[in-house]
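# Secondary and tertiary structure notes
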Amino acid sequence: MLTVLLVTFPFFALVLAGFVAARRRMLPLEAIPGLNSFVLYFALPAMLYRFGSITPITQLLDAAVFGVYLLCALVMVAFTIVMTLSRRIRWNDASLGALVAAFPNTGFMGVPLLAALLGPESVGTVIVLIVVDMVITSSLCIALSRLDQRDGGAMAAAGKALRGVLANPMPWAIILGAVASAVEFTLPGPIEKTVWLLADAASPVALFTIGAVLARSQMQADHPMPWSDYVPVALMKLLLHPLLVLLVGSVAIQFGVPLDPFTLTVMVLVAALPSASNVSLLAERFGADNGRIARIILVSTALAFLTFSGAVALLWG
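### Observations regarding the nonpolar core
Grouped together as the largest cluster of nonpolar side chains are 104 residues, with contacts concentrated most on Leu48, Val279 and Phe308. Broken down by element, this core gets its largest block of residues, eleven residues, from helix α7 (residues 123-145). Leaving out residues up to four positions away in the same chain, Val279 has contacts with Leu96, Leu99, Val100, Phe103, Ile293 and Ile297.

Now the structure itself:
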């Protein structure tokens, strides 16, 4: 466990550094969108392209990984909505809350963290899970969030979510990396060096940005609410989600689904990651209670230092 903590500590320390920098105004709040844009549009796509281009195409097209993880995501969304939907928490808040329960912080945190812990051979599986969460899970939850609205309905919201996915450079970086892997294409030397330099910047800047985004969300949406509105959802993310993936994956293996133990370990550890910080931006855009969403993300990120490290020690130690 101590060895695992020594590996994971720098990653969570960078998140804490970003949080403290924003809270103490060492980093102006106005600068946070710029950091976020750098990671989203430059550094992270470069990192995803690099990993995708060196990963065997068969690993990027693994239907077993896709199907098992998608089933777990759908169960998590349904269960969280059933458990939280009430007269006070309507479809909009319940659906965005379900998204933070089912959507790990895979892009900003998972890719560099799991590559450091398990090696680059783990990243192909992680990329498949990113596609599931970005394209299907997020679109479904956004569509469900519109069920009690009169602004075009669930289908219009789903279409808007899919257009957002198409405008996001991360899926395109994954696709281009997969094509490069399939045809064994390599970038010209100077261009490859540029892309690789951007990829190297992705991990530290992304982790620092997570902390800054969490601090800003807490500062801008700090109205009081009972802990029962957000702590249970954070615990679902950190405990129930990885247990569900482990259970479903183990049963799938027993029924002959071609899923090897290493791949299942990667999937469980992805599910054990804290909630994706960008869900806070979606909550703000779609008029959900961003204070609640920000608290779920903050609690899950703070607790994940111990819960994620514990999951690594149990599965990989």
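Anyway, onward from the coordinates.
### A short note on the pattern of salt bridges
Opposite charge on two side chains permits them to pair, given that their charged atoms come into close proximity. Per the counting criterion, the structure on display carries two salt bridges. With its nearest N and O atoms 2.7 Å apart, the salt bridge here joins Asp229 to Arg88. With Asp229 in the loop between α10 (189-220) and α11 (231-254) and Arg88 in the loop between α4 (63-84) and α5 (91-102), this pair connects stretches of sequence that are 141 residues apart.

### Re the packing of α10 against helix α14 (residues 290-316)
Running from N to C, α10 and α14 cross one another at 140°; their axes reach a closest spacing of 9 Å. Classified by the interaxial angle, the pair formed by α10 and α14 is oblique. In terms of crossing hand, the pair formed by α10 and α14 is left-handed. Residues Leu214, Ser217 and Gln218 of α10 form the contact with α14, whose own contacting residues are Ala294, Ile297, Leu298 and Thr301. When its residues are assigned to classes, the contact of α10 with α14 shows four nonpolar, three polar and no charged.

### A few points about the environment of Gly18
Looking at the secondary structure, you find Gly18 in helix α1 (residues 2-23). A relative accessible area of 0% means that Gly18 is categorised as buried. Sequence-wise, Gly18 and Ala94 are 76 residues apart; in three dimensions their C-alpha atoms are separated by 28 Å. If we skip the residues at most four places from it in the chain, Gly18 touches Phe208, Gly211 and Ala212.

### A closer look at the packing of aromatic side chains
For the structure shown, the criterion picks out three aromatic pairs. Aromatic pair Phe9 and Phe305: ring centres 6.3 Å apart, planes at 70°, arrangement edge-to-face. In this pair, Phe9 sits in helix α1 while Phe305 sits in helix α14, placing the two residues 296 residues apart along the sequence. A centroid spacing of 5.6 Å and a plane angle of 65° characterise the contact between Phe12 and Phe305, whose relative ring orientation is edge-to-face. Taken together, the positions of Phe12 in helix α1 and Phe305 in helix α14 put the pair 293 residues apart, joining distant regions of the chain. A connected cluster of aromatic rings, assembled from ring pairs, spans Phe9, Phe12 and Phe305. Lying across the ring of Phe51, Arg50 places its NZ or CZ 5.9 Å from the centre.

### Concerning the side chain of Asn36
For Asn36, the location among the structural elements is in helix α2 (residues 32-53). Asn36 gets classed as buried once you look at its relative accessible area, which sits at 17%.

### Here's the deal with unusual backbone geometry
Trans peptide bonds make up the majority, and among non-glycine residues the majority have a negative phi. Of note in this structure, Arg25 is not a glycine but carries a positive phi near 60°. One can find Arg25 in the loop between α1 and α2.

Thresholds applied
- Residues numbered from 1 in each chain as written.
- Predicted model: local features only at pLDDT ≥ 70, side-chain atom pairs only at ≥ 80, totals over all residues.
- Heavy atoms only, no water.
- Core = buried A, V, L, I, M, F, W, Y, C linked by side-chain atoms within 4.5 Å.
- Buried < 20%, exposed > 50% of the residue type's maximum accessible area, 1.4 Å probe, protein only.
- Helix = DSSP H or I, 4+ residues; strand = E, 2+ residues; numbered from the N terminus.
- Contact = heavy atoms within 4.5 Å.
- Salt bridge = Lys/Arg side-chain N within 4 Å of Asp/Glu carboxyl O.
- Axes fitted to C-alpha atoms, helices over the stretch in contact; angles between N-to-C directions.
- Parallel < 35°, antiparallel > 145°, perpendicular 65-115°, else oblique.
- Left-handed = near helix turned anticlockwise from the far one by under 90°.
- Nonpolar A, V, L, I, M, F, W, Y, C, P; charged D, E, K, R; others polar.
- Phe/Tyr/Trp six-rings, centres within 6.5 Å; stacked < 30°, edge-to-face > 60°.
- Lys NZ or Arg CZ within 6 Å of the ring centre and 35° of its normal.

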